Amino acid sequence: MDKGPEENSNHIFPARFAWGVATSSHQVEGGNLNNQWAAWEQQGRIKSGDQAGLACDWWRNAERDFDLAQQLGVNALRLSVEWSRIEPTEGQWNAEALDRYRQMLFALLARGMRPFVTLHHFTNPLWLEAKGGWAAPDSPQLFERFTQRVVAALGDLCTDWTTFNEPNVYTSLGYFLGEFPPGRRGRFMQLARVTRNLLLAHTAAYHKIHELQRDANVGWAQHYAVFKPQRPESALDRWLAEFIHRRFNQNFADSILDGRAPFPLNQFGDSLPEAQGTCDYVGINYYSRLRAGFNLRSPKTGFFQLTVPPNKPQGDSGVEVPYGEAYPEGLRRAVDSFKAFNKPIYILENGVPDRDDRIRPWVIQSSLEQMQTMLREGVDLRGYFHWSLTDNFEWNEGWHLRFGLIELDPATQERKLRPSAQVYADIIKRSRNGHGK
Ligand code: GAL
């Protein structure tokens with residue numbers, strides 16, 4: 001294995017650095033049938049044919065995993081609240097659900113972990129989906145009302161908020177590739193209109209949270225992937241890689257940076273000045289590099305294909321498509337591309353699907369080395385959240401892709417630490433020792 005982050009330089013991580021793990025409600029809680037992902041599963045759309053079932057059983061016992069996280073020395077944990085539990089039917093609020101989240105946040109604080117709460121991580125209540133999801137004209141107001149409830153209920157326990165997780169993944173997979181609900185393909189204009197509503201919802205939530213909480217730290221999580229032309233000698237592939245990079249990586253972020261409307265609405269004179277500047281930090285989710293190439297045999301994906309050359313390091317492959325090349329150097333590219341915001345940066349997700357833990361230790365060590373180098377150069381990095389703590393339900397791949405530092409048997413709920421859990425724990429420990437803790 002390559003050398004780890006240099007022994008003595010771990011103090012480069014600031015004392016308040018958030019050493020975290022990241023999760024999301026639908027993937028870990030289990031037993032909820034009230035969102036569009038449960039419906040998608042019932043329609044047989046999970047490629048592996050798996051069922052989420054109890055997931056990691058967090059709704060009943062998240063504390064079991066919180067104990068394990070504490071043992072790893074983690075001092076921050078990112079989770080999301082499930083809108084479909086909190087507002088099970090439109091306008092009706094479930095106080096018990098909010099209480100359960102209060103319990104979870106208490107449990108984290110009691111274990112020395114700082115909670116980072118995401119308000120929307122891919123799932124919509126069925127009632128919102130029935131109205132058209134984020135295409136519904138009143139979706140931003142509905143989200144603002146939901147935000148108000150959540151912050152009023154949890155605001156004494158948490159000040160770090162993420163409004164939306166990966167709006168670019170939500171829209172690209174839901175409206176262009178048809179891989180996520182609502183399963184639409186090639187709907188460019190709808191994608192743009194949905195993005196616009198997500199931006200309005202984000203903007204409203206940003207202001208609402210600040211209205212309710214003076215010291216709130218609010219941002220969103222932007223997925224970033226590195227795209228390279230499949231055949232660098234092909235002008236078409238070069239154009240394609242650049243086009244996908246712009247549309248995917250800069251979608252959403254650009255509107256927050258300078259108030260432009262999402263492409264192609266901006267081409268028709270639309271703008272979104274109210275979105276400009278609505279973040280206190282930029283959250284980045286980074287996993288992989290993909291080659292983009294034209295392929296006439298891929299009409300399903302608009303005649304392009306995303307591939308990984310066979311000689312590149314890779315975790316496990318998805319049921320139908322490769323997950324991506326493990327390329328820790330890309331983290332720097334991701335961070336660089338949001339420099340213009342001039343805001344603190346949190347890596348809110350980073351990881352690799354790797355059931356046998358073949359390359360995860362290397363991914364963790366190399367990614368954190370990248371972060372050390374950037375910190376030395378003065379980049380304002382405030383946290384790193386590994387995706388994920390425990391194997392969980394990986395959307396349309398089901399249980400097929402395993403991202404956990406901890407291995408889970410979903411049938412027995414038995415857990416086993418993977419070697420990389422120790423790798424991560426050791427890095428955290430060295431960094432904290434550097435600060436005399
Ligand atoms: C992200 C997503 C997570 C998780 C992860 C691993 O895109 O936010 O929920 O699924 O990918 O693929």
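One can find the structure itself at the top, above this paragraph.
First things first, this report covers the structure right here in the doc. This one's a predicted model, so the numbers in the text were calculated from it and none came from an experiment.

## Examining the layout of surface pockets
Alright, step 1. In this structure, the second largest pocket occupies an estimated 190 Å³ of space.
Alright, step 2. Contributions of two or more residues to the lining of the second largest pocket are made by helix 1 (25-28) and helix 2 (36-42).
Alright, step 3. For the lining of the second largest pocket, the element with the highest residue contribution is helix 2, accounting for three residues.
Alright, step 4. Partitioning the lining of the second largest pocket into residue classes produces three nonpolar, nine polar and four charged.

## A few points about the site of the ligand
Alright, step 1. Taken together, the residues surrounding the ligand are Q27, H121, N165, E166, H223, Y287, Y323, E349, W387, E394, W395 and F403.
Alright, step 2. A distance of 2.8 Å is found between an oxygen atom of the ligand and a side-chain nitrogen or oxygen belonging to N165.
Alright, step 3. Side-chain polar atom of E166 to an oxygen atom of the ligand: 2.5 Å apart, as the coordinates give it.
Alright, step 4. When isolated, the ligand has an accessible area of 310 Å², and the protein chains bury 95% of it.
Alright, step 5. Among the residues forming the shell around the ligand, the class breakdown is five nonpolar, four polar and three charged.

## Side note on the nonpolar core
Alright, step 1. Counting residues in each nonpolar core, the largest one holds 113 residues, and the members touching the most others are F66, L77, W134, W161, I284 and Y424.
Alright, step 2. At eight residues, the largest contribution of residues to this core is made by helix 9 (residues 188-212).
Alright, step 3. Setting aside its immediate chain neighbours within four residues, L77 contacts V21, T23, W58, F66, A69, L108, M113, R114, P115, F116, F385 and L389.
Alright, step 4. Core analysis: the next-biggest nonpolar cluster, separate from the first, contains 13 residues, A22, A76, Y346 and L401 among them.

## Comments concerning the packing of helix 7 (residues 139-154) against helix 9
Alright, step 1. Relative orientation of the contacting elements helix 7 and helix 9 amounts to 30 degrees, with a least axis distance of 8 Å. Taken together, the axis directions place helix 7 and helix 9 in an arrangement best described as roughly parallel. For the crossing formed where helix 7 meets helix 9, the hand is right-handed. Taking contact as the criterion, the partners of S139, P140, F143, E144, T147, Q148, V151 and A152 in helix 7 are, on helix 9, N197, L200, A201, A204, A205, K208, I209 and L212.
Alright, step 2. Partitioned by chemical class, the residues of the contact of helix 7 with helix 9 number 10 nonpolar, four polar and two charged.

## Brief notes about the environment of P262
Alright, step 1. Within the fold, P262 resides in the loop between helix 11 (253-258) and strand 6 (282-294).
Alright, step 2. Taking the C-alpha atoms as reference, P262 lies 9.1 Å from R247; in sequence the two are 15 residues apart.
Alright, step 3. Here P262 is in contact with A192, T195, R196, L199, N251, S255 and L272, once residues within four sequence places are set aside.

## Things to note about unusual backbone geometry
Alright, step 1. A cis amide bond, omega 0 degrees, links F263 with the succeeding residue P264.
Alright, step 2. In this structure, P264 sits in the loop between helix 11 and strand 6.
Alright, step 3. The residue E166 is not glycine, and still its phi comes out positive at about 45 degrees.
Alright, step 4. Here E166 is to be found in the loop between strand 4 (160-165) and helix 8 (167-176).

## A few points about the pattern of salt bridges
Two side chains of opposite charge can pair, provided their charged atoms sit close to one another.
Alright, step 1. This structure, assessed with the given rule, holds 30 salt bridges.
Alright, step 2. Residues R85 and E29 are paired through a salt bridge, measuring 2.7 Å at the closest nitrogen-oxygen approach. You can see R85 sitting in helix 4 (residues 83-86) and its partner E29 sitting in the loop between helix 1 and helix 2, a full 56 residues away along the chain.
Alright, step 3. Judged by its relative accessible area of 11%, R85 is buried.
Alright, step 4. Taking the relative accessible area as the measure of exposure, E29 reaches 3% and is therefore buried.
Alright, step 5. The salt bridge partner of R111 is D67, with a shortest N-O separation of 2.7 Å. Pair noted here: R111 is in the loop between helix 5 (95-110) and strand 3 (114-120) and D67 is in helix 3 (residues 58-72), with a separation of 44 residues, a long-range link.
Alright, step 6. Through salt bridges with shared partners, a single network forms among K47, E179 and E320.

## Focus on the side chain of E397
Alright, step 1. In this fold, E397 is placed in the loop between strand 10 (381-386) and strand 11 (406-409).
Alright, step 2. With residues near it in sequence (within four places) discarded, E397 still touches I46, K47, S48, D50, G318 and V319.

## Some thoughts on the pairing of strand 12 (residues 414-417)
Alright, step 1. In this structure, strand 11 lies alongside strand 12, joined through four bridges in antiparallel fashion. Across the sheet, residue D409 finds its bridge partner in strand 12, namely E414.
Alright, step 2. From the end of strand 11 to the start of strand 12, which pair antiparallel, there are four residues, and Q413 there has a positive phi angle of about 65 degrees.

## With respect to empty space enclosed by the protein
Alright, step 1. In total, this model carries three cavities of 30 Å³ or more according to the counting rule given.
Alright, step 2. When its volume is computed, the largest cavity comes out at roughly 100 Å³.
Alright, step 3. Every residue lining the largest cavity is counted, 18 residues in all, and those nearest its centre are Y287, E325, A326, G351 and V352.
Alright, step 4. Where the lining of the largest cavity is concerned, the elements lending two or more residues are strand 6, strand 8 (325-326) and helix 13 (360-376).
Alright, step 5. Top element by residues in the lining of the largest cavity is strand 6. It accounts for three residues.

Rules of the game
- Residues numbered from 1 in each chain as written.
- Predicted model: local features only at pLDDT ≥ 70, side-chain atom pairs only at ≥ 80, totals over all residues.
- Heavy atoms only, no water.
- 1 Å grid on protein atoms, 1.4 Å probe; cavity = no way out; pocket = protein on both sides within 12 Å on 5 of 7 lines; lining within 4 Å.
- Points joined across faces, edges and corners; volume = space filled by probe spheres on them.
- Helix = DSSP H or I, 4+ residues; strand = E, 2+ residues; numbered from the N terminus.
- Nonpolar A, V, L, I, M, F, W, Y, C, P; charged D, E, K, R; others polar.
- Near = heavy atom within 4 Å.
- Polar contact = N/O pair within 3.5 Å; in protein donor to acceptor, adjacent residues only side chain to side chain.
- Areas by Shrake-Rupley, 256 points an atom, 1.4 Å probe, with all protein chains shown as cover.
- Core = buried A, V, L, I, M, F, W, Y, C linked by side-chain atoms within 4.5 Å.
- Buried < 20%, exposed > 50% of the residue type's maximum accessible area, 1.4 Å probe, protein only.
- Contact = heavy atoms within 4.5 Å.
- Axes fitted to C-alpha atoms, helices over the stretch in contact; angles between N-to-C directions.
- Parallel < 35°, antiparallel > 145°, perpendicular 65-115°, else oblique.
- Left-handed = near helix turned anticlockwise from the far one by under 90°.
- Salt bridge = Lys/Arg side-chain N within 4 Å of Asp/Glu carboxyl O.
- Pairing = 2+ DSSP bridges.

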